[in-house]
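Remarks on the overall topology
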Amino acid sequence: METIPLLKPYKMGKHELSHRVVLAPLTRNRSYGNVPQPHAALYYSQRTTNGGLLITEATGVSETAQGYPETPGFWTKEHVEAWKPIVQAVHDKGGLFFCQIWHVGRVSTSGFDGVEVHGANGYLLDQFMKDTVNDRTDEYVVKAIVEEIGADKVGVRLSPFDDYMETGDSNPEALGVFMAESLNKLGISYLHVIEPRMDIPMADSHQVTPHSSLLIRKAFKGTFISAGGFRKDSGNKVISEDHADLIAYGRLFLANPDLPKRFAVDAPLNKYNRNTFHRPDPTVFFFEGKPDPVVGYTDYHFYIKETLVI
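Residues numbered from 1 in each chain as written. Predicted model: local features only at pLDDT ≥ 70, side-chain atom pairs only at ≥ 80, totals over all residues. Heavy atoms only, no water.

**What to know about the overall build of the protein**
Per the secondary structure count, the protein includes nine helices and twelve strands. A total of 310 residues make up the protein; the buried ones form 59% of that total. For the protein, the exposed area adds up to about 13,800 Å²; of that, 53% sits on carbon and sulfur atoms. (Helix = DSSP H or I, 4+ residues; strand = E, 2+ residues; numbered from the N terminus. Buried < 20%, exposed > 50% of the residue type's maximum accessible area, 1.4 Å probe, protein only. Areas by Shrake-Rupley, 256 points an atom, 1.4 Å probe, with all protein chains shown as cover.)

**So, unusual backbone geometry**
Note on backbone geometry: most residues besides glycine have negative phi, and most peptide bonds are trans. The backbone of Asn29 sits at a positive phi, close to 55 degrees, despite the residue not being glycine. Looking at the element boundaries, Asn29 is found in the loop between β3 (21–23) and α1 (39–46). Since its relative accessible area comes to 6%, Asn29 is described here as buried.

**Overview of helix α2 (residues 77–92)**
Spanning 16 residues, α2 covers 23 Å between terminal C-alpha atoms, matching the ideal 22 Å at 1.5 Å per step. Within α2, burial applies to His79, Val80, Ala82, Trp83, Ile86, Val87, Ala89 and Val90. Looking at the buried residues of α2, the elements they touch are α1, β4 (53–55) and β5 (96–101). Phi turns positive one or two residues past the end of α2, at Gly94, with a value near 85 degrees. (Expected span 1.5 Å × (residues − 1). Contact = heavy atoms within 4.5 Å.)

**Re the pattern of salt bridges**
Scanning the model with the defined rule gives eight salt bridges in all. Linked through salt bridges whose partners overlap, the residues forming this network are Arg217, Asp242 and Asp245. (Salt bridge = Lys/Arg side-chain N within 4 Å of Asp/Glu carboxyl O.)

**Brief notes about the nonpolar core**
Residues Tyr44, Ile188, Leu191 and Tyr249 are the most contacted members of the largest nonpolar core, which totals 62 residues. At six residues, the largest contribution of residues to this core is made by α2. Beyond its immediate sequence surroundings of up to four residues, Leu191 is in contact with Val156, Leu158, Ala180, Leu183, Ile216, Phe220, Thr223, Phe224 and Ile225. (Core = buried A, V, L, I, M, F, W, Y, C linked by side-chain atoms within 4.5 Å.)

**Brief notes about the packing of aromatic side chains**
For the structure shown, the criterion picks out ten aromatic pairs. Arranged with centres 4.9 Å apart and planes meeting at 75 degrees, the rings of Tyr43 and Tyr44 form a pair that is edge-to-face. Residue class for Tyr43 comes out buried when judged on its relative accessible area of 1%. Accessibility expressed as a relative area gives 1% for Tyr44, which makes it buried. Connected via pairs of aromatic rings, a cluster forms that spans Tyr43, Tyr44, Phe74, Trp83, Phe97, Phe112 and Tyr297. (Phe/Tyr/Trp six-rings, centres within 6.5 Å; stacked < 30°, edge-to-face > 60°.)

**Overview of helix α5 (residues 172–184)**
Taking 1.5 Å per residue as the helical rise, α5 with its 13 residues ought to reach 18 Å, and the 18 Å between its terminal C-alpha atoms agrees with that figure. Within α5 the residues assigned to the buried category are Pro172, Glu173, Leu175, Gly176, Val177, Met179, Ala180, Ser182 and Leu183.

**Here we look at the environment of Pro38**
For Pro38, the location among the structural elements is in the loop between β3 and α1. The exposed category is assigned to Pro38, whose relative accessible area is 67%. Taking the C-alpha atoms as reference points, Pro38 and Pro85, 47 residues apart in sequence, are found 7.9 Å from one another.

**Thoughts on the side chain of Glu57**
Considering the arrangement of structural elements, one finds Glu57 in the loop between β4 and α2. Of the side chains bearing the opposite charge, Arg28 lies closest to the buried Glu57, which forms no salt bridge; the N-O distance is 7.1 Å. Polar contacts involving the side chain of Glu57 include one to the side chain of Tyr44, which spans 2.6 Å. (Lys, Arg positive; Asp, Glu negative; His and termini not counted. Polar contact = N/O pair within 3.5 Å; in protein donor to acceptor, adjacent residues only side chain to side chain.)

**Brief notes about the pairing of strand β6 (residues 114–119)**
In terms of burial, β6 is largely enclosed, as six of its six residues are buried. As paired strands, β5 and β6 are joined by four bridges and run parallel to one another. Each bridged residue has a counterpart across the sheet, and for Ile101 the counterpart in β6 is Val117. With five bridges connecting them, β6 and strand β7 (residues 154–158) associate as parallel partners. Directly across from Gly119, in β7, lies its bridge partner Leu158. (Pairing = 2+ DSSP bridges.)

**Some remarks on the packing of α1 against α2**
Running from amino to carboxyl end, α1 crosses α2 at an angle of 25 degrees, the nearest separation of the two axes being 8 Å. Classified by the interaxial angle, the pair formed by α1 and α2 is roughly parallel. At the point where α1 passes α2, the crossing takes the right-handed sense. Side by side, α1 and α2 meet where Ala40, Ala41, Tyr44 and Ser45 of the first sit next to Trp83, Pro85, Ile86, Ala89 and Val90 of the second. (Axes fitted to C-alpha atoms, helices over the stretch in contact; angles between N-to-C directions. Parallel < 35°, antiparallel > 145°, perpendicular 65-115°, else oblique. Left-handed = near helix turned anticlockwise from the far one by under 90°.)

**Side note on the pairing of β7**
Across the five residues that make up β7, a large majority, five, are buried. Pairing between β7 and strand β8 (residues 190–194): four bridges, direction parallel. Each bridged residue has a counterpart across the sheet, and for Gly155 the counterpart in β8 is Tyr190.

Function cannot be inferred from these measures alone, as they are strictly geometric.
In C-alpha cells, the structure reads:
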C-alpha cells in the first residue's frame, strides 16, 4: 500500500518527524491572568504523536504585547514555570514543540525545542513589512533571536497575502519572496506561510485566488510549512506536488486530537464547534467563577486508541 503523502517521514534540520501534519498555532483564550494553565498540558499532549510537530498558541513576551484576554505569557518566572509541565507532557509522548511568540522579547528556558516568530495576521511585525503601513522589514527581530538561541531553533510565520487590520501589500508575492531570501541568510529552521485563500470570507479552501505561495516556497531554502484551510486530500496533493514540506492544521486538529491517526485509517472527523474556539460562553459553560476550560478544549473524543502506531 502506498504511503499517504501527509504521513511520510520528514527531516527538519536535526529533527526527525514521523509525519507532516503540524498543529497550527491556535489562540484559545484559556490562560487566566496570562498564566498557562494545567489544562493546557492535557490539550497539547492529546494532540501529540511520537515525532509530530506542534506549535503553541501565540504567547506574549511582555505585558504590553497582549492583544486578547487570557492569552499565555512568557515574561515572568511564573509564566516560565507554568509552561514547563506543558512542554514536558508533549516531550513525554515524543513530540517536537515550538513556542510561537508575538514579537521580540526574551526567550526563556521552559524546555521548548524552538520558537516561531509571529510575523503575520496584521500584528506588530506584519505592520512593519506591508507597504501600505510601513516600508521596513522585521529581519532585525529574527536576527536577534537567532543570535540568542541558534538558527535551528527558530521558525517564522508570515501572511503576505492578507489584509488583516488594513495591512495589505501592493505586491504580496514580491514581499514573500524578499522575506524568504532575507531569512535564507539567517539559516532559520522553517518558514510558515498562510495561503492567500485564507483572505477569502469564511476561509473557503476550495476557492482560488490570483496569488500563490509557490514562488515563496521556491525561494526559501529551509523547511516550508503551508497553512490555510487544508483537508486530508488537499494536504496530500500539496505534499505530493512538492509545494510544501509540512501542512499545518488548525480547526481540524483542534476538533480531532488524533488527526494524524485518523488520516492514516481514513476515519471520520469530529465536527468543530466555533462557539468554543476561543472561550466557552460563560453564560452557558461556567466552572468555579470562570469559563470552563474543558468545554471545546480537551473534550473532543478520540476515534482510535492512542496506542496505534502510524
